[in-house]
Amino acid sequence: ALNPQPKIGVQRDPLPPPPPPHFPVGRIGVAAVTAGPGVTNAVTAIKNAQMAESPVLLIGGAAASLQKGRGALQDIDQLSLFKTLCKACVSVRAVRDIVPALRKAIATAQSGTPGPVFVELPIDVLYPFHMVEKEIGGTKSGRGLRGKMVQW
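Since we're looking at a predicted model, the values are computed, not measured.

A word on the overall build of the protein
Right, so step 1: Scanning the protein from terminus to terminus reveals seven helices and four strands.
Right, so step 2: Mapped from its N terminus to its C terminus, the protein presents α and β elements in the order β-α-α-β-α-β-α-β-α-α-α.
Right, so step 3: Within the protein, the fraction of its 152 residues that count as buried is 30%.
Right, so step 4: Expressed as a percentage of contacts within the protein between residues at least 6 apart in sequence, the contacts between residues at least 24 apart total 74%.
Right, so step 5: When the accessible surface of the protein is split by element, carbon and sulfur atoms take 60% of a total near 10,500 Å².

Quick word on the pairing of strand E2 (residues 56–62)
Right, so step 1: E2 sits mainly inside the fold: seven of its seven residues count as buried.
Right, so step 2: Residues Val56, Leu58, Gly60 and Ala62 line one face of E2 and the alternating positions Leu57, Ile59 and Gly61 line the opposite face, and both faces are buried.
Right, so step 3: With five bridges joining them, strand E1 (residues 29–33) and E2 adopt parallel strand pairing. Bridging from a neighbouring strand, Ala31 pairs with Leu58 of E2.
Right, so step 4: In this structure, E2 lies alongside strand E4 (residues 116–122), joined through seven bridges in parallel fashion. Within the sheet, the bridge partner assigned to Val56 lies in E4 and is Pro116.

Comments concerning the nonpolar core
Right, so step 1: Grouped together as the largest cluster of nonpolar side chains are 11 residues: Leu57, Ile59, Val92, Ile98, Ala101, Ala105, Ala109, Val117, Val119, Leu121 and Val125.
Right, so step 2: Of all the elements in the fold, those that place two or more residues in this core are E2, helix H4 (98–110) and E4.
Right, so step 3: It is H4 that provides the largest number of residues to this core, a total of four residues.
Right, so step 4: In this structure, Phe82, Leu85, Cys86 and Phe118 belong to the second largest nonpolar core, which totals 10 residues.

Thoughts on the sheet that holds strand E3 (residues 88–91)
Right, so step 1: Strand order in the open sheet made by the four strands is E1-E2-E4-E3, with parallel pairing throughout. Every other strand in the sheet has two partners, leaving E1 and E3 as the edge strands with one partner each. Between one strand axis and the next, the sheet turns by 15 degrees as a mean value, whatever way the strands run.

Some words on unusual backbone geometry
Right, so step 1: Its identity is not glycine, yet Glu53 carries a phi of approximately 55 degrees, on the positive side.
Right, so step 2: Along the polypeptide, Glu53 turns up in the loop between helix H2 (43–51) and E2.

Notes on the environment of Leu81
Right, so step 1: By the element assignment, Leu81 lies in helix H3 (residues 78–82).
Right, so step 2: Distance in space between the C-alpha atoms of Leu81 and Val43 is 7.7 Å, their sequence separation being 38 residues.
Right, so step 3: Look past the residues within four positions of Leu81 in its chain and what remains in contact with it is Thr40 and Ile76.

Side note on the environment of Phe82
Right, so step 1: Its place among the elements puts Phe82 in helix H3.
Right, so step 2: In sequence terms Phe82 and Val43 are 39 residues apart; their C-alpha atoms lie 7.4 Å from each other.
Right, so step 3: If near-sequence neighbours (up to four positions away) are discounted, Phe82 is found in contact with Val39, Ala42, Val43, Ile46, Leu58, Cys89 and Phe118.

A few points about the confidence of the model for the protein
Right, so step 1: Per-residue confidence for the protein gives a mean pLDDT of 80; residues scoring 70 or more make up 67%.
Right, so step 2: For the protein, helix H7 (residues 144–151) is the element with the lowest average pLDDT, namely 54, and H4 is the one with the highest, namely 97.

Here is what the cut-offs are and how they apply
- Residues numbered from 1 in each chain as written.
- Predicted model: local features only at pLDDT ≥ 70, side-chain atom pairs only at ≥ 80, totals over all residues.
- Heavy atoms only, no water.
- Helix = DSSP H or I, 4+ residues; strand = E, 2+ residues; numbered from the N terminus.
- Buried < 20%, exposed > 50% of the residue type's maximum accessible area, 1.4 Å probe, protein only.
- Contact = heavy atoms within 4.5 Å.
- Areas by Shrake-Rupley, 256 points an atom, 1.4 Å probe, with all protein chains shown as cover.
- Pairing = 2+ DSSP bridges.
- Core = buried A, V, L, I, M, F, W, Y, C linked by side-chain atoms within 4.5 Å.
- Axes fitted to C-alpha atoms, helices over the stretch in contact; angles between N-to-C directions.
- pLDDT = per-residue confidence, 0-100.

Laid out in structure tokens, this is it:
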């Protein structure tokens, strides 16, 4: 009978290590998540993408620009969460900047050593003013500080 066990003192040649996983050239992973908990739940996945040198575009929602730093629901400093994990982190401020920001982020993710990038899209950049105004409690008359800020 054939004994599959090696004899004591005999060494087998080790198997070569498997090649590192690589993303196909020209391809990129994309994830879109909601503001706040959606973004924070993506931290581990983005760290894994960083360690694996995988190009990933994470698009995260954010509170309205006017409410940043004012205690709005799900308003956290999301860019700070990802600045050490991503090759680039950017918050888009105007609709006209969405496509250029995404193109630049994708190019950054794929250039040099591939890795993740984060693009933050505040709700007031994604939706028409009348919808955002209703959500954040603005007034149509423009009276009061919030109305004047929005009209400014």
